[in-house]
Amino acid sequence: MTQILFKDIDTPGLIAIDVYEKTLEGYQALKKAFAMAPDEVIEMVKASGLRGRGGAGFPTGLKWSFLAKDVFPRYLACNADESEPGTCKDRELLMKNPHLLIEGMILCAYACRIETGYNYMRGEFWEYESIMEKALEEAYERGYLGKNIMGSGFNLDIHNHMGAGAYICGEESAMLSSLEGERGEPRLKPPFPAVKGLYGMPTIVNNVETLCVLPFIVRNGAAAYAAIGTEKSKGTKLVSVSGHVKKPGNYEVPLGTPIIDIIEKYAGGIRDGNKLKAFIPGGSSVPILPASKADVPYDYESLQAAGSMLGSGALIVMDDTTNVVSEILRITSFYMHESCGKCTPCREGTRWMYQILSEIQNKVGKPEQLDLLIDICDNMEFKCFCPLGDAAVAPVVSSIEHFREDYEELLGSLKTGQPVGTT
Amino acid sequence: MFIFTETSETRIKKILAKYPEDRKLSAILPLLTLAQDQEGYVTPEAMIEIGKRLDVSPAYVESVCSFYTMYYTKPVGKYVVKFCINISCHLNGCDNLLEYTEKKLGVKEGETTPDKKFTLLKEECLAACCEAPVMQVNNKYHVNMTPDKVDQVLASCP
């Protein structure tokens, strides 16, 4: 099984530059990249088929080629604000292999002719800040960062920047607002960050996992990466498997692996002798699917065809003892809490959904509230300022579609006229 | 009156050097974090001081500060105990664990113990979902939590 991101990740002391260099051909990709023209590196990444691993799945090389021509300085902002419920893959990379990320950031910066990069880490990753700072220091000492890196004439500074607790800052434009010292509110797109990003300059925002793939592609060539996966979904993906499984964990799987194999072969199957009931394949922002869809291959196209999305790669598994409504309520409560309040449909809609779902969960809901929920979702979808609104809608609509009986079970015990919260 | 300590001042120099000279406002979150580390929470006086350093009004500092959940604007206990309550932790029994801890500490979520030692909080996803349920004590992760482990962790807080 090809391991690109998690190869030897549990090697003791891998956070030290010596161990990284010895174990993983660390920083060897730089020499190869510097022998190429920056545009050739972009072409190589395009040819590899790598797509953004943060959630949107946009082709990475193509994103890079959208940078405003000949406008400098440009910036790189690594998105290490991992906050999508169910997702914990970047945390493992950051705490166990920080140099892989630094090497990836250097490669991206060289290809995009960027001389300053920021690694925006969520504030709760406080324990890993010192790991990253130490790794950056080592990279400067070895001459992989700073002026005239390895005699190439290329200069690059990378700084670590800590957030302070806000899910929305994982949205790229909100992250840039936050990095500029503002409230982390999203910005209108276009202009996209590649044209007008950090400090109004062209900026590439890439996820930790995306950047960590680059050393492999540069060392082994685009074809070696493209040989893994399916026709359109290339390479491997880190999948965070959580919930009712025997061995929850982050697993690196070739794209196209059937979901049932990820649950059973990697994560040990459903625990306590129960059966699979439902799963969310790509983090809390994507539609929930029933067990009957477990044979779907884990790749961008197959999941879309099945009515969901690959998202950030968080596979949340629920067994048949679960009432889906209580989990959807929890997710909705999250979106209500994290809505930045900038736009009305999201700010008000998430609150209404939470209120109605709470009533249903407390068995004081009314059957017609299911239609009302759908109506609210309809008034939010594609009408919010940023994707958070759409994200809040997806679990509600899909759970009513696939698990209506769970709602009806709670609505069936309705006692008319009873006030909310008295059961 | 709020004064950054000498250690903080050394760090502030390093922090400011990360951003372009005319973009020092980028340092607002790191400075708020430093102020909170120093005093336990972000005081109004600290906001005034940070505003002066970054050439913005105290009201602006407050508007930014209030956006981010990791800043406290009121005193908290010596140890802030946070439980993740999001879906993966919920599927793994975080509600029972929170209730257990509430009983053990004799406070409700959002409250501080009378001896000012512990503040108990709910937290949204902490990105350690494969090791649920998860708790943080003063930003340090504790994973695969059980009531016994809660006892151990709390007992290890001097």
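Residues numbered from 1 in each chain as written. Chains lettered and ligands numbered in written order. Predicted model: local features only at pLDDT ≥ 70, side-chain atom pairs only at ≥ 80, totals over all residues.

Engineer: How do you make sense of the overall build of chain A when you look at a structure like this?
Structural biologist: The helix and strand inventory of chain A stands at 17 helices and 11 strands. Relative to the globule expectation of 22 Å for 423 residues, the C-alpha radius of gyration of chain A, 22 Å, shows essentially globular dimensions. Summarising its shape, the C-alpha atoms of chain A cover approximately 75 × 45 × 35 Å along the three principal directions. For chain A, with 423 residues in total, the buried portion stands at 55%. (Helix = DSSP H or I, 4+ residues; strand = E, 2+ residues; numbered from the N terminus. Rg over C-alpha atoms; globule rule 2.2 N^0.38 Å. Buried ≥ 20, exposed ≤ 12 C-beta atoms within 10 Å, placed from the backbone.)

Engineer: How should the confidence of the model for chain B be read in this particular structure?
Structural biologist: Detailed reading of the predicted coordinates is not advisable wherever pLDDT is low. Taken over all residues, the pLDDT of chain B has a mean of 97, while the share at 70 or more is 100%. Both confidence scores are given for the complex: pTM 0.96, ipTM 0.97. (pLDDT = per-residue confidence, 0-100.)

Engineer: When you look at the nonpolar core in this model, what are you seeing that I'm missing?
Structural biologist: Across soluble globular proteins, you tend to see nonpolar side chains buried next to one another. Core analysis: the biggest nonpolar cluster contains 177 residues, and A:Ala77 and A:Phe279 have the highest contact counts within it. Once you skip the residues sitting within four places of it in the chain, A:Ala77 turns out to touch A:Tyr118, A:Tyr120, A:Met175, A:Leu176, A:Leu179, A:Leu198, A:Thr203 and A:Val205. (Core = buried A, V, L, I, M, F, W, Y, C linked by C-beta atoms within 7 Å. Contact = placed C-beta atoms within 7 Å.)

Engineer: What should I look at first to understand the domain arrangement of chain A in this one?
Structural biologist: Note: interface size is frequently given as the accessible area lost on complex formation between the parts. When the domains of chain A are assigned, the result is domain 1 (17–225), domain 2 (236–319) and domain 3 (324–412). Of the residues in the side of domain 1 of chain A that touches domain 2 of chain A, the class split is 2 nonpolar, 5 polar and 6 charged. (Domains from an automatic or database assignment. Nonpolar A, V, L, I, M, F, W, Y, C, P; charged D, E, K, R; others polar.)

Engineer: Quick question: what am I supposed to make of the sheet that holds strand 1 (residues 75–80) of chain A here?
Structural biologist: Whenever strands of a sheet pair, they do so through backbone hydrogen bonds, lying parallel or antiparallel. Residue and element names in this part refer to chain A. With respect to topology, 4 strands assemble into an open sheet ordered 3-2-1-4, the strand pairing being parallel. Of all the strands in the sheet, just strand 3 (157–162) and strand 4 (203–207) have a single pairing partner and so form its edges. Taking each pair of neighbouring strands and ignoring which way they run, the sheet shows an average axis angle of 20°. Direction of pairing for strand 1 relative to strand 2 (residues 116–121): parallel, over a ladder of 6 bridges. Paired with Leu76 across the strands is Gly117, a residue of strand 2. (Pairing = 2+ DSSP bridges. Axes fitted to C-alpha atoms, helices over the stretch in contact; angles between N-to-C directions.)

Engineer: Would you explain the sheet that holds strand 6 (residues 249–254) of chain A in this entry?
Structural biologist: Residue and element names in this part refer to chain A. Strand order in the open sheet made by the 5 strands is 6-5-11-8-9, with mixed pairing throughout. The sheet is open, and its two borders are formed by strand 6 and strand 9 (289–290), each paired with just one other strand. Summarising the sheet, strand 8 (residues 276–280) and strand 11 (residues 314–319) pair through 4 bridges and their orientation is antiparallel. Across the sheet, residue Phe279 finds its bridge partner in strand 11, namely Val317.

Engineer: What should I look at first to understand the packing of helix 15 (residues 369–380) of chain A against helix 16 (residues 387–402) of chain A in this one?
Structural biologist: Between two packed helices, the angle of one axis relative to the other and the distance separating the axes together describe the packing. Residues and elements named next belong to chain A. Two numbers describe how helix 15 lies on helix 16: the axes approach to 9 Å, and their chain directions differ by 150°. Taken together, the axes of helix 15 and helix 16 lie roughly antiparallel to each other. Between helix 15 and helix 16 the crossing geometry is left-handed. Across the interface between the two elements, Leu370, Leu373, Ile374, Cys377 and Met380 from helix 15 touch Gly389, Ala392, Val393, Val396, Val397 and Ile400 from helix 16. Split by residue class, the contact of helix 15 with helix 16 holds 10 nonpolar, 1 polar and no charged. (Parallel < 35°, antiparallel > 145°, perpendicular 65-115°, else oblique. Left-handed = near helix turned anticlockwise from the far one by under 90°.)

Engineer: Sorry if this is basic, but what is going on with the interface of chain A and chain B here?
Structural biologist: Of the residues lining the interface, 43 residues belong to chain A; the matching set on chain B comes to 34 residues. Mapped onto the side of chain A that touches chain B, the elements with two or more residues apiece are helix 7 (126–141), strand 3, strand 5 (236–243), strand 6, strand 11 and helix 13 (324–338) of chain A. Top element by residues in the side of chain A that touches chain B is helix 13 of chain A. It accounts for 6 residues. Classifying every residue of the side of chain A that touches chain B by side-chain character gives 16 nonpolar, 17 polar and 10 charged.

Engineer: So what exactly am I meant to see when it comes to the pairing of strand 6 of chain A here?
Structural biologist: Remark: a regular strand shows side chains that alternate across the two faces of the sheet. Residue and element names in this part refer to chain A. The element strand 6 is largely enclosed, with a buried count of 5 among its 6 residues. Across 6 bridges, strand 5 lies against strand 6 in antiparallel orientation. Along strand 6, the bridge assignment pairs Leu238 with Glu252. Taking the residues that link successive antiparallel strands as the turn, the strand 5-strand 6 hairpin has 5 residues.

Engineer: Is there a simple way to think about helix 5 (residues 89–96) of chain A in this case?
Structural biologist: Burial analysis of helix 5 of chain A places 6 of its 8 residues in the buried class, the great majority of the element. Regarding helix 5 of chain A, the residues found buried are A:Lys89, A:Asp90, A:Arg91, A:Glu92, A:Leu93 and A:Leu94.

Engineer: Can you help me understand unusual backbone geometry in this one?
Structural biologist: Generally, phi is negative for residues other than glycine and the peptide bonds are trans, each holding for most cases. The peptide bond linking A:Phe72 to A:Pro73 adopts the cis configuration, its omega dihedral lying at 0°. Relative to the assigned elements, A:Pro73 resides in the loop between helix 4 (60–65) and strand 1. Between B:Ala132 and B:Pro133 the backbone carries a cis peptide bond, its omega angle lying at -5°. Along the polypeptide, B:Pro133 turns up in the loop between strand 2 (118–123) and strand 3 (135–137). Backbone geometry at A:Tyr199 places phi at a positive 50°, although glycine is not the residue there.

Engineer: Could you clarify how one ought to interpret helix 16 of chain A in this entry?
Structural biologist: It helps to recall that an α-helix has 3.6 residues per turn; residues three or four apart then point in one direction. Residue and element names in this part refer to chain A. With 16 residues, helix 16 extends 23 Å between its outermost C-alpha atoms, agreeing within 8% with the 22 Å of an ideal straight helix rising 1.5 Å per residue. Here helix 16 has its buried residues at Leu388, Gly389, Ala391, Ala392, Val393, Ala394, Pro395, Val396, Ser398 and Ser399. Summarising the contacts, the buried residues of helix 16 are in contact with helix 13, helix 14 (344–361) and helix 15. (Expected span 1.5 Å × (residues − 1).)

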